[in-house]
Amino acid sequence: MTSSATTPTTTPAPPGAGSRVSPGLDRARELLVRYGFIAVTIALIGWFLLSEPNFRTSDNLYGLLVYAAPTAIAGLGVTIAMTVGGLDLSVGAAAGFAVSLAAWTMVVQNQVGGVAIGVVLLGGAVIGLVNAALVVWARIPDLLATLTTMFAVMGLKLVLVDGKSISSRMTLDDGTTAPGRFTEGFLWLARGDIGPVPVPAVLLALVAVAVWFLLERTRHGRLLYAVGANAEAARLAGVPVGLYRSAAYVLSGVLASVAGLLLAARIGQGDVSAGNSLLLDAVAVALVGTSVLGRNVPNAWGTVLGAVLVSVMVVGFSMKGLPYYVQDVAKGAVLLAALLFSYTLSRRRTALPGQPAAGGAE
Amino acid sequence: MSTAAVSLRGIGMSFGAHRVLDGVDLDIAAGEVLALLGANGAGKSTLIKVLSGVHPGHDGTIAVAGTEQRMDSPLRARRAGIATVHQRVHDGVVPGLTVAENLAFDDLAHPARRGPSSVLLRRREVMAAARTAVEVLGLDWSDAVLRRDVAELGISDAQLLVLARALVHRPRLLVLDEPTSALSAAEAERLFTVVRAQREAGLAVLYVSHRLGEVDALADRAVVLRDGRVTSDSRAPFRWDVVLPAMLGERAAAHPVGADGIGPPPREALPPGEVAVRLRGVRLLPRSPALDLDLHAGQVTGVVGLLGAGKSELAHGLFGSASWAGGTAELDGRPHAPRSPAAAVRAGVHLVPEDRAGQALLPGWSIARTLSLPFLGELSRGGVVDRSTEGARGRSAVDRFGVVTRSEHTDVGELSGGNQQKVVVGRWLVPGVRVLLLDEPFRGVDLGARRDIGGHARDAARAGAAVVVLSADVDEVLEVADRVLVLVDGAVTLDAPVSGVPRETVVAAFSATSPGGTPS
Ligand SMILES: Nc1ncnc2c1ncn2[C@@H]1O[C@H](COP(=O)(O)OP(=O)(O)OP(=O)(O)O)[C@@H](O)[C@H]1O
Ligand SMILES: [Mg+2]
C-alpha cells in the first residue's frame, strides 16, 4: 500500500453537518477524565491549607504520607495483582498476620528486628505463593481463592498468638515474662527520620518508584499487563502466563507484609485487630488509581495518588472535627467520583480486571 | 421498486477530527442484495453501526419504508426493522447461556408479553423459540446441541446462530458485516442459500465482504465506499476492472488481476528446499490416522480444510500451544517438541492464530506494543524495554503492511478489522523466522492487503522459511501456495504442487466428506 492510503482523509465537515458533540466539549471531557481526579485532590488540599492552620505545618504534610504509607504500599500490591487481571482480597489479612508475626518473632522468640523483618517478608511471600497455587494451579477464580486465603490467614494469625495482642514484656501463659520486646531498630521503621523525612514516607517513595519502574519500564511489567489484557493472546505470544500470574500474587503478598511491618512499628505491639481495615482501603485505592490520569489500567502513580487523597481527607476532616463515620461517607464519595470519571465520562469503554474490554472498530 | 426498504441521506460520522463517513446517500430496495465494498478502513463497518443504532451521533437521516427513524440505540434499530450481524461474531453471542437461550435471547431480554409470565424463564418456551429460529436457517441442530453452552460452538456455528437470531423478528433489512470471513466455502454456500430465500421473501440485504467471488455469486448490486464516500454503484454482472480501482484508488495498479478479473495473474512457483519440519505418525485428532508429512523450506505450503479438519491442531502442535493425540516432529533434523509457545518462538516457529480478537489482540494496547510483545527479550536491555526501538519497529511495520492509522501508538481497538489483521500477521512476519504458520491470515483483509500479505509470506519463503498457510478457502490457498495439501478429518486427501493441479481437483478432495451442520 502506498502512503496515500495511510493518511485518513479529514475533509472539513460542511456547515451544519458537524458531529453532534462539539469538539470543545469533547476536549473538556477528555481533560476531566484525565486530570479531574488530581484537580479534586489539589482543591481539597488547598481548602485544608487555607482553612486549617495546623494542616499547614511541614510535620503534618509528612504526616499525610506516613499515614498513607501502609495503605498505599498494600494498594500497590493489589495494583500488581490487578495488572494480571486478578484481585487480591487477602492483603488485609496478610498485613494483619505480618503485625502479629513480627511481634511474636521479637517478643516471644526474642529475636532482633532484622530477623522479624525477614520472617515477615518470607511469610508474605508464602501467602502469595498459596494464592498463586490456588489461582494458577488449582484454577480457582481469584476472588474465591484469595477470599479463602484471607480467612485461613486470619485464623492462622489467631492460632499463632492464641488470640491475644502481643506487647513487649507481656506475661505469657506459663506466668513468665516474655523474653523479648519490640526493638528500637524495628520501631524506627515507623518513628524514625532520614534527614527531615520520616522513614515511612521514604519507604513509600522507594516502593512506589520500584513498582512504577517494574510496571511501566521493564519487560516483566509489560508481560504482567499482557496477561491481564488477554491471557490467551499473551500465551500465544510466548508469555509464560502462569509464571507471571504467580509472581504477581507473590509480590502482592510481600507488599502487604511490608504494609504490616509499618503498622506493627507504628502501633508498637502485635495488635490482633491491626490490618482489618486495610483490605478495603487498599483495594479501593487501587481501583481509584485505575481511573486517575484516565489510563483505565491499574498503575502505580494512580494508586499512590488515591492513597494520598484518602489520607488528606482523613487528616483534614479530623482537624475539622468530623466524626470518623462521616469520613467513611467521604471516602465512598471519592470512590464514586473516580468511578464516574473512568466509566461514565470516559469514552473508552473499559473492562474490570479479568473481563475483556469491549469496543473497538472492525 | 417504488419506495426503498431503507434509504440513507447525507450520512456522516467523525471520530475526533477523523471524518470516517462523509455524505453517504444510499437506497436499498426490498428484495435486493446489496454488496457494500471497500478497502480496509473505508468506513463500511462504521456505516453499518450507524444503521444499527451503535453510533447515534451521526449526521444525516435514515428512513425505513419511507418513514424517517432515529437510530439512537440498537434496540430502536431492531424495532425499526433493521437486523444486524456485526463483524465480530463474539459480540453477538451472550456467554454463559446455552445455544437455545442465545437464540431466544431477544425474547428473554425484551419480552413481547408483560406481566408475571414474562419474568419466569420457561425452558420449554425457550426451546420452542430456539427451534423456530433454527428452522428459519434450515439448520439441523438437535436438542442436545441447543442445550450446550454457547461457548462450545465453533466460530462458524456461532456465526449461524447470530444470523438465526437476527432473522427471527422478520426484519426489513438484514445487515451482514463480513459474515463469511470465518466460514468455509460450503458453510458460506449454506448461508447464501438462506440469504437467497430471504431475498425471494422480499428482504433487503446489505452485505459486506472482501471476497469478490462471493459478491459475484450473491449480490444484485455493488456499492463501493472509499474514504467514507460512495465512489461506485453498479448492478450485476459486475465489471471488476472498474470496481477495483474505485475501491483501491491508485493502489489498484499495484495489484494486477488475472483472467477471471479477481485472482492474481500467474506467478512463478518456488521449488521445495530442504525439509524443515518432519512429522512422523502424527495424529491431529483423537481418532484420525497417523500422518507422515514433510514441510519444505523455501516455499509456501497451503493447507486447505474445513473447520475441525485438523488445520489449527497441526499449527498449534508445532507451536507448542496444544499437543497432538500422538506422533513426533523434527525441526531441521532435531526433535521438536516445544512445551510452550515461548519455546517454539525461540526455535524460530511463529504462529498467526486464526481468531484475532480472542487469540491475538490485547484490548487497549497500541499497535507498537502489540507488535513487540513476543520479542520483548530482544527489545530490552537489562530488563528495561527500549521504547524508541520499539516505536521504530512499530512504525516500519505500519509502513510495510500499509496499516491505515494515524500513528503506531494508536490503540489497536480503533483500527478497522482488516487493519487489525495486518497488525496481527505483521507481528510474526519478521526476519529470521524458520517456520511461519499462518492460520486464516486473510480473514477480513481487503484485496490489496490480501495480495500484500501473500506477497510478504512468499518473500519469507524466498528468504528460506518454511511457510504454511492454513485456510478453509481454496482460492486463498491457491493464490499464495506452491504446494497444496487438503486435510479432511485429520487425514491428507490431496498433496500436490499448485502448478500441476486444477482447482476442481482440490475442491473435490476438499469436499470428500460432507461438512455437516452440527457443532463438533
Ligand atoms: N471507535 C473508533 N474510534 C476511532 N476511530 C475509529 C473507530 N471506529 C472506526 N474508526 C476508524 O474509522 C475508519 C473506518 O473504520 P471501519 O471499521 O468502518 O472500516 P471498514 O470499512 O469496516 O474496514 P474493514 O474492511 O477493515 O473492516 C478506520 O480508519 C478506523 O480506524
Ligand atoms: Mg469492517
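Small disclaimer: the values here were computed from a predicted structure and weren't measured. The residue numbers shown here count from 1 along each chain, following its written sequence. Throughout, the order in which chains and ligands are written sets their labels, letters from A for the former and numbers from 1 for the latter. In keeping with the model being predicted, local features are shown solely for residues with a pLDDT of at least 70 and side-chain atom pairs are shown and tallied solely at 80 or more, while totals for entire chains, interfaces and linings include all residues. The side-chain numbers reported here are obtained from all heavy atoms of the structure, hydrogens and water having been left aside.

Q: Kindly report on the pairing of strand 19 (residues 435-439) of chain B, identifying the contributing residues and their values.
A: All names here are of chain B. Type-normalised accessible area, obtained with a 1.4 Å probe on protein chains alone, sets the label of each residue: buried when under 20%, exposed when over 50%, and partly exposed for intermediate values. Only DSSP runs of H or I covering at least 4 residues are called helices, and only runs of E covering at least 2 are called strands; the numbering of each starts at the N terminus. Taken across its five residues, strand 19 has five buried, putting it largely inside the fold. Side chains V435, L437 and D439 project from strand 19 onto one buried face, and the interleaved L436 and L438 project onto a second face that is buried too. Paired strands are those between which DSSP finds at least two bridges. Across four bridges, the pairing between strand 16 (residues 349-352) and strand 19 is parallel. Of the residues in strand 19, the one forming a bridge with H350 is L436. Look down the strands so they point away from you; if going from the first strand over the helix to the second traces a clockwise path, that crossover is right-handed. For the crossover from strand 19 across helix 19 (residues 447-462) to strand 20 (residues 466-471), the handedness is right-handed.

Q: For the sheet that holds strand 10 (residues 229-235) of chain B, give the residues involved together with the corresponding values.
A: All names here are of chain B. One open sheet accounts for six strands, arranged 6-7-8-3-9-10; its pairing is mixed. The open sheet terminates on both sides in strands that have one partner only, identified here as strand 6 (82-85) and strand 10. Between one strand axis and the next, the sheet turns by 20° as a mean value, whatever way the strands run. With four bridges connecting them, strand 3 (residues 33-37) and strand 9 (residues 221-226) associate as parallel partners. Within strand 9, the residue paired with L34 across the bridge is R221. Strands strand 3, strand 9 and strand 10 of the sheet are contacted by helix 11 (residues 240-248), whose axis makes an angle of about 30° with strand 9. Interaxial angle, 0 to 180 degrees, is taken between N-to-C directions of lines fitted to C-alpha atoms, where a helix line uses only the stretch in contact. We call two residues contacting when some pair of their heavy atoms lies within 4.5 Å.

Q: Break down the sheet that holds strand 4 (residues 59-64) of chain B for me, with residues and values.
A: Residues and elements named next belong to chain B. What the four strands build is an open sheet, ordered 2-1-4-5; its pairing is antiparallel. Lying at the two open borders of the sheet, with one neighbouring strand each, are strand 2 (18-28) and strand 5 (67-69). The average angle at which neighbouring strand axes cross in this sheet is 30°, direction not considered. Packed onto the sheet, helix 1 (residues 44-51) meets strand 1 (6-15), strand 2 and strand 4 and runs at close to 115° relative to strand 1.

Q: Describe the confidence of the model for chain B, with residues and values.
A: Do not read the predicted coordinates in detail wherever pLDDT is low. All names here are of chain B. Scored by pLDDT, chain B comes out at a mean of 85, with 91% of its residues at no less than 70. Within a predicted model, pLDDT stands for the predictor's per-residue confidence, ranging from 0 to 100. Confidence scores differ between elements of chain B, with helix 5 (residues 116-119) showing the lowest mean pLDDT of 52 and strand 16 the highest of 96. Predicted confidence for residues 514-520 stays below pLDDT 50, and this span has 18 contacts to residues more than four positions away or in other chains.

Q: How would you explain empty space enclosed by the protein if you had to name every residue and give the values?
A: All names here are of chain B. Grid points spaced at 1 Å over the protein atoms alone were grouped into cavities, where a 1.4 Å probe fits but cannot get out, and pockets, open sets with protein on both sides within 12 Å along at least five of seven lines, with lining residues defined by an atom within 4 Å of a point. Grid points are joined across faces, edges and corners, and a volume is the space filled by probe spheres set on the points. A full pass over the atoms with the stated rule returns four cavities of 30 Å³ or more. The space that makes up the second largest cavity amounts to roughly 90 Å³. Lining the second largest cavity are E178, T180, S181, S209, H210, R211, F442, R443, G444, V445, R450 and E476. Tallied by class, residues from the lining of the second largest cavity come to two nonpolar, five polar and five charged. The residue classification treats Ala, Val, Leu, Ile, Met, Phe, Trp, Tyr, Cys and Pro as nonpolar and Asp, Glu, Lys and Arg as charged. All others, Gly included, are polar.

Q: I'd love a proper account of the environment of G273 of chain B, names of residues and values included.
A: Residue and element names in this part refer to chain B. When you line up the elements, G273 lands in the loop between helix 11 and strand 11 (275-283). For G273, a relative accessible area of 29% corresponds to the partly exposed category. When sequence neighbours within four positions are dropped, the list of residues in contact with G273 reads H296 and A297.

Q: How would you summarise helix 10 (residues 241-267) of chain A if you had to cite specific residues and measurements?
A: Across its 27 residues, helix 10 of chain A extends 39 Å between first and last C-alpha, which sits within 8% of the 39 Å expected from 1.5 Å per residue. Within two residues after helix 10 of chain A, G268 of chain A carries a phi angle of roughly 80°, on the positive side. Multiplying 1.5 Å by the helix residue count minus one yields the expected span of that helix.

Q: Outline the packing of aromatic side chains, supporting the account with residue identities and numerical values.
A: Two aromatic rings are characterised by how far apart their centres lie and by the angle between their planes. Residues and elements named next belong to chain A. A pair of aromatic rings is counted whenever rings of Phe, Tyr or Trp (Trp by its six-membered ring) have centres within 6.5 Å, and the orientation is called stacked for planes under 30 degrees apart, edge-to-face for over 60 and tilted otherwise. The full count for this structure, using the stated rule, is 10 aromatic pairs over all chains. A centroid spacing of 5.2 Å and a plane angle of 40° characterise the contact between F48 and F55, whose relative ring orientation is tilted. Accessibility classification places F48 together with F55 in one group, the buried group. Through a chain of ring-to-ring contacts, the aromatic side chains of W47, F48, F55 and F317 assemble into a single cluster. Directly above the ring of W47 sits K320, whose terminal nitrogen or CZ lies 4.8 Å from the centroid. Counted as over-ring charges are cases with an Arg CZ or a Lys NZ within 6 Å of the ring centre that also lie within 35 degrees of the ring normal.

Q: Describe unusual backbone geometry, naming the residues involved and giving the relevant values.
A: Backbone geometry follows two general trends: most residues other than glycine have a negative phi, and most peptide bonds adopt the trans configuration. Across the junction of A236 of chain B and P237 of chain B, the peptide omega takes the value -5°, indicating a cis bond. With respect to the helices, strands and loops of the structure, P237 of chain B is situated in the loop between strand 10 and helix 11. With a phi close to 55°, R139 of chain A is a non-glycine residue in the positive phi region. Classification of R139 of chain A as exposed rests on a relative accessible area of 69%. Phi is positive for D332 of chain B, which is not a glycine, with a value near 50°. Among the structural elements, D332 of chain B can be located in the loop between strand 14 (326-331) and strand 15 (334-335). Residue D332 of chain B is classed as partly exposed on the basis of its relative accessible area, which comes to 33%.

Q: Break down the nonpolar core for me, citing the residues and quoting the values.
A: In this description, a nonpolar core means a group of buried Ala, Val, Leu, Ile, Met, Phe, Trp, Tyr and Cys residues linked to one another through side-chain atoms lying within 4.5 Å. Judged by nonpolar contacts, the single largest core of 81 residues is most densely connected at L279, V467 and V506 of chain B. Among all residues touching V506 of chain B, those that are not within four sequence positions of it are V304, V474, L478, V484, V486, L494 and V501 of chain B.

Q: Break down the environment of V99 of chain A for me, citing the residues and quoting the values.
A: Residues and elements named next belong to chain A. Checked against the element boundaries, V99 lands in helix 3 (residues 91-108). You can call V99 buried: its relative accessible area is 0%. For V99, the contacting residues outside a window of four places in its chain are G260, L263, A264, Q269, G270, D271 and A274.

Q: Please provide a residue-by-residue account of the pairing of strand 8 (residues 204-208) of chain B, values included.
A: All names here are of chain B. Along strand 8, five of the five residues are buried, which leaves the element largely enclosed by surrounding structure. Both faces of strand 8 are covered, namely the face carrying A204, L206 and V208 and the face carrying V205 and Y207. As defined by bridge partners, strand 3 adjoins strand 8 across four bridges and the pair is classed as parallel. Residue L34 lies in a different strand from strand 8, and its bridge partner there is L206. As defined by bridge partners, strand 7 (residues 173-177) adjoins strand 8 across five bridges and the pair is classed as parallel. Among the inter-strand pairings, V175 is bridged to a residue of strand 8, identified as L206.

Q: Describe the pattern of salt bridges, listing the residues and the values that go with them.
A: Working definition: two side chains of opposite charge can pair if their charged atoms are close together. All names here are of chain B. Any carboxyl oxygen of Asp or Glu that lies within 4 Å of a side-chain nitrogen of Lys or Arg is treated as forming a salt bridge with it. The full count for this structure, using the stated rule, is 36 salt bridges over all chains. The partner of R199 in a salt bridge is D220, with the nearest N and O atoms 2.8 Å apart. Residue R199 is found in helix 9 (residues 185-200), and its partner D220 is found in the loop between helix 10 (212-218) and strand 9; the two are separated by 21 residues along the sequence. The class of D220 is partly exposed, set by a relative accessible area of 25%. A cluster of three or more residues bridged by salt bridges with shared partners is formed by R19, D22, D59 and R229.

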